[in-house]
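# Structure at a glance
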Amino acid sequence: MMTGASRFWLSERRKSVAEDDRPHPKVGAVVVKDGKVLAKAHRGENPKSHAEYVALEEKLSTETIAGATVYTTLEPCINRNPPKICCAQRLVDRKVARVLIGMLDPNPDIRGLGDQLLSEAGIEVQLFPRDLRAQVKEMNREFSLSGTRKRSGKRERPQQRVDSDATFQHLLSELC
């Protein structure tokens, strides 16, 4: 069943724009606080800008979003070329309370590290329910295939979380 926030991120990720010919993820982000949608954004809404950056820094730069929930279709990034700040750190700096993720990064070198950074900062991290994760993964199939081909040394992986559909539906019901 599609409800408020899920419709928003679905529509935002479909608007995603690649900045070059390489496969890029289709990412949508929605920021919610006290049951109200504060901002919606998608990758490429502004050239070379991630969805989280657009939502947090361009649309909500003067708003207090501490305690908010962020829904994002892809695990927030952990690396950006200076002077840019990675999306995971941006979420920490803005003191969001919860982040729901549609899919972890397919690149095995960084998969789970955004989740780990957020968790270590005390932010609750949850995955979308299985059926919604499948939709996100299918829409990002080309990006996922390119990411899983990137291989290097081993690293410690954080434990993946499996969250109940009921928890997710409860969070989404705050929007309706």
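Notes on the structure in this doc start here. Keep in mind that what you see is a predicted model, and the values were worked out from it rather than measured.

About the criteria used
- Residues numbered from 1 in each chain as written.
- Predicted model: local features only at pLDDT ≥ 70, side-chain atom pairs only at ≥ 80, totals over all residues.
- Heavy atoms only, no water.
- Helix = DSSP H or I, 4+ residues; strand = E, 2+ residues; numbered from the N terminus.
- Buried < 20%, exposed > 50% of the residue type's maximum accessible area, 1.4 Å probe, protein only.
- Contact = heavy atoms within 4.5 Å.
- Areas by Shrake-Rupley, 256 points an atom, 1.4 Å probe, with all protein chains shown as cover.
- Salt bridge = Lys/Arg side-chain N within 4 Å of Asp/Glu carboxyl O.
- Core = buried A, V, L, I, M, F, W, Y, C linked by side-chain atoms within 4.5 Å.
- Arc of directions from axis to C-beta.
- Pairing = 2+ DSSP bridges.
- Axes fitted to C-alpha atoms, helices over the stretch in contact; angles between N-to-C directions.

Summing up its helical and strand segments, the chain has seven helices and five strands in all. Along the chain, helices (α) and strands (β) appear in the sequence α-β-β-α-β-α-β-α-β-α-α-α when read from the amino end. A burial count over the chain gives 47% of its 176 residues as buried. Across the chain, contacts joining residues at least 24 apart in sequence account for 74% of those joining residues at least 6 apart. Carbon and sulfur atoms form 49% of the exposed surface of the chain, whose accessible area is close to 9200 Å².

Another aspect to go through is the pattern of salt bridges. Within the structure shown, the criterion is met by five salt bridges. For E57, the salt bridge identified is with R94, shortest N-O distance 3.7 Å. Pair noted here: E57 is in helix 2 (residues 51-59) and R94 is in the loop between helix 3 (87-93) and strand 4 (98-101), with a separation of 37 residues, a long-range link. Note on R94: relative accessible area 15%, which makes it buried.

This part is about the nonpolar core. Membership of the largest hydrophobic core comes to 24 residues, with the highest contact counts inside it found for V31, L91, V96, V99 and L118. Those elements giving two or more residues to this core turn out to be strand 2 (36-42), helix 2, helix 3, strand 4 and strand 5 (124-127). With residues near it in sequence (within four places) discarded, V31 still touches K36, V37, L38, A39, A55, L56, L60, A68, T69 and V70.

What helix 4 (residues 113-120) keeps buried is the set G114, D115 and L118. Each buried residue of helix 4 sits inside an arc of 100 degrees when the element is viewed along its axis, so together they form one side. Residues of helix 4 that are buried make contact with helix 3, strand 4 and strand 5. Positive phi appears at G122, one or two residues downstream of helix 4, with a value of about 85 degrees.

Sheet architecture is open: five strands sit in the order 2-1-3-4-5, paired in mixed fashion. With one partner strand each, in any of the chains shown, strand 2 and strand 5 form the two edges of the open sheet. Taken pair by pair, the neighbouring strands of this sheet meet at an average axis angle of 15 degrees, ignoring direction. With four bridges connecting them, strand 3 (residues 69-72) and strand 4 associate as parallel partners. Bridge pairing links T72 to I101 in strand 4. Along the sheet, helix 2 contacts strand 1 (28-33), strand 2 and strand 3; its crossing angle with strand 2, the most-contacted strand, is approximately 125 degrees.

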